[in-house]
Amino acid sequence: MNYPAIKAIYIFEMSRMRRTLFQSIVSPVISTTLYFVVFGAAIGSRITEIDGVSYGSFIVPGLIMLSILTESVSNASFGIYFPKFSGSIYEVLSAPISYIEITIGYVGAAASKSIIVGSIILLTANLFVPIQIAHPIWMITFLILTAISFSLLGFILGIWADNWEKLAIAPTLIITPLAFLGGSFYSITMLPPFWQKITLLNPVVYLISGFRWSFYENADVSVYVSVGMIGLFLLICLMLVWFIFKTGYRLRV
Amino acid sequence: MSIMDSIIQIKNLSKTYADGFQALNSINLDINKGEIFALLGPNGAGKTTLINMICGIVNIQDGMVSVDGHDVVRDYRKTRSMIGLVPQELTSETFETVWGTVSFSRGLFGKKQDTLYVEKILKALSLWEKKDNTILTLSGGMKRRVLIAKALAHEPKIIFLDEPTAGVDVELRQDMWEVVRQLKEEGVTIILTTHYIEEAEQIADRVGVINHGELILVQEKNSLMLELGQKHLQINLVNPLKVIPASLMDFRVELSACNKILIYTYDKNDDFGVSSILELLSSLGIAYHDLDTKESSLEEIFVDLVNRKLT
Ligand SMILES: Nc1ncnc2c1ncn2[C@@H]1O[C@H](COP(=O)(O)OP(=O)(O)OP(=O)(O)O)[C@@H](O)[C@H]1O
Ligand SMILES: [Mg+2]
């Protein structure tokens, strides 16, 4: 293992966050506050409780997941797309570093960033509503697995994208809708039976459900199904990355 | 040169890009340890492709490359950690500082951070005052020096400079050659590409010429210079000659321009060649109406080589 290389990539990627520290911290705080104002206050006055949890508290895990997903995908895709775009990728390709090390460096940094943002949201939310974490270990496990999986997805996306448009399209067209429809702001048991079935095709449902269970012990699907699904998703992403590097797809000509 | 002295061995290396374009055709080349090798060739000849294949940026399908006895595909960790690359295009993370980007390169190539060493290269490349500047705020020439600093950051044994002097002013160019000479002193092998033949003349030990993906010449620069030290006497004949008379065969002469011009090639410091050939011509009764002499430049040799291969 070329540890100095992993460290170099990791530090390099994290330093981008440091350069935009204000934005990185302030924007999740602001958006969380807005969600609480809009959803918590406006909708929360109508839906007072879901499964015995106040609406404001209920949406916290979903909010965190929502930003973990979008932050992971956008950080990781940008992290690898930009050097490809600017040409500075030559250095990574010519370095004595394996595919695994490249992936650990970039994906590790992107996942770290989104976990930091997730934690900031958790802390901010804690100012507005009471939060209880029934299973902290599970909570952290879900957080980390989700961050890694979606960072891998973003990484794949960044390698696949050959223009800025493609880079922007997946987060806005796929990730955000899936996250919104994945039960961030409601329990899927509130939907008509037909839509409940459809919703189960959305992988994000399992993430949010499992994550919420680690907080309030209530879930739309079994927690083991949730873990299984995220494991499966992680595996698929890992296989895609393996394929990309094995073939040199879009990185080496 | 024996195998012992060579640090890079390229065998039957070919490259066909995904679009079907063949950029390299069976290249065979040995680079000697510690030499400065200049790769010359027109635009699109395949210089960058060749370098990128050695460095791991372009995939190798046909042929093989070994660096210090290690295969660049199988033993990529060993070979790549020995190599530093200065790419042709000015590419860098624009928002990073000079210090940050050079340190990044060092880490990427598996070396522990060494602030003294990084300080040394930044000073050698006159970048020390700019160490905290972001790349964005540097001039083009400075950016190129940052790329050189990045390539040197991990103390490579071999360095590739892909057109290091494109867009660099004369003064800076001299500084850069000074750095290159310094590296050679330290035993670093240097391979550079350039369009400027004078540069190759000035600095290289050996010169390779590549055109349309084929290596058409590899020669010691000094023996090339010898060819360079030749002059041509152009004799414009009154009447075309059908064949070169037998008595002229001892001289290096050739006919051109519909046999109306006789060209005699001779050594610059040969004092008697010209007078003896002219005497011979008069004794043979071959009339001429004009004479012209010129020196061949490496440029001409180059163009000539390229054309000869084409036809
Ligand atoms: N990724 C690619 N796909 C297809 N063709 C390519 C690719 N990269 C380079 N080529 C082609 O291969 C040929 C050799 O290119 P290369 O960059 O090696 O030339 P070069 O000798 O470095 O030229 P220059 O002096 O202009 O830098 C060119 O015709 C170029 O168009
Ligand atoms: Mg080139």
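As shown above, the structure is provided for reference.
Residues numbered from 1 in each chain as written. Chains lettered and ligands numbered in written order. Predicted model: local features only at pLDDT ≥ 70, side-chain atom pairs only at ≥ 80, totals over all residues. Heavy atoms only, no water.

### Some remarks on helix 7 (residues 164–180) of chain A
All names here are of chain A.
- If you check helix 7, its first and last C-alpha atoms are 24 Å apart, about what 17 residues at 1.5 Å a residue would give, namely 24 Å.
- Listing the buried residues of helix 7 in full gives Leu167, Ala170, Pro171, Ile175 and Ala179.
- Turning to helix 7, the residues buried within the fold contact helix 3 (55–86), helix 6 (136–160) and helix 9 (203–216).
- Where helix 7 starts, the residue carrying a side-chain oxygen 3.1 Å from the main-chain nitrogen of Glu165 turns out to be Asn163. (Helix = DSSP H or I, 4+ residues; strand = E, 2+ residues; numbered from the N terminus. Expected span 1.5 Å × (residues − 1). Buried < 20%, exposed > 50% of the residue type's maximum accessible area, 1.4 Å probe, protein only. Contact = heavy atoms within 4.5 Å. Polar contact = N/O pair within 3.5 Å; in protein donor to acceptor, adjacent residues only side chain to side chain.)

### Focus on the environment of A:Leu153
All names here are of chain A.
- With respect to the helices, strands and loops of the structure, Leu153 is situated in helix 6.
- In this structure the C-alpha to C-alpha distance between Leu153 and Asn202, which are 49 residues apart in sequence, comes to 15 Å.
- Excluding its chain neighbours within four sequence positions, the residues that come into contact with Leu153 are Val73, Ile175, Phe233 and Cys237.

### So, the coordination of the magnesium ion (ligand 2)
- For the magnesium ion (ligand 2), the protein coordination sphere consists of B:Thr48 (OG1) and B:Gln88 (OE1), at 1.9 to 2.1 Å. Here B:Thr48 is found in helix 1 (residues 47–55), whereas its partner B:Gln88 is found in the loop between strand 6 (83–86) and helix 3 (98–108), with 40 residues between them in sequence. (Donors = N, O, S within 2.8 Å, 3.2 Å for Na, K, Ca; no water.)

### Quick notes on the sheet that holds strand 4 (residues 62–67) of chain B
Residues and elements named next belong to chain B.
- Across the sheet, which stays open at both edges, the four strands sit in the order 2-1-4-5 with antiparallel pairing between neighbours. Of all the strands in the sheet, just strand 2 (22–32) and strand 5 (70–71) have a single pairing partner and so form its edges.
- The sheet contact formed by strand 4 and strand 5 spans two bridges and is antiparallel. Paired with Ser66 across the bridge in strand 5 is Asp71.
- Across the face of the sheet, helix 1 comes into contact with strand 1 (6–16), strand 2 and strand 4 while running at roughly 115° to strand 1. (Pairing = 2+ DSSP bridges. Axes fitted to C-alpha atoms, helices over the stretch in contact; angles between N-to-C directions.)

### Describing the interface of chain A and chain B
- In this assembly, 26 residues from chain A lie in contact with 28 residues from chain B.
- Among the residues chain A hides against chain B, the three largest losses belong to A:Phe12, A:Tyr90 and A:Pro96. Together they make up 27% of the total.
- Across the chain A-chain B interface, the total number found is three salt bridges.
- For the salt bridge of B:Glu96 with A:Arg19, the shortest nitrogen-to-oxygen distance reads 3.5 Å.
- Inspection of the region where chain A meets chain B yields 12 residue pairs in polar contact (both at pLDDT 80 or more).
- For the side of chain A that touches chain B, the elements supplying multiple residues, two or more each, are helix 1 (3–19), helix 3 and helix 4 (89–93) of chain A.
- Here the side of chain A that touches chain B takes seven residues from helix 1 of chain A, the largest share from any one element.
- Grouping the amino acids of the side of chain A that touches chain B by side-chain chemistry returns 14 nonpolar, eight polar and four charged. (Buried area = accessible area lost by both parts, 1.4 Å probe. Salt bridge = Lys/Arg side-chain N within 4 Å of Asp/Glu carboxyl O. Nonpolar A, V, L, I, M, F, W, Y, C, P; charged D, E, K, R; others polar.)

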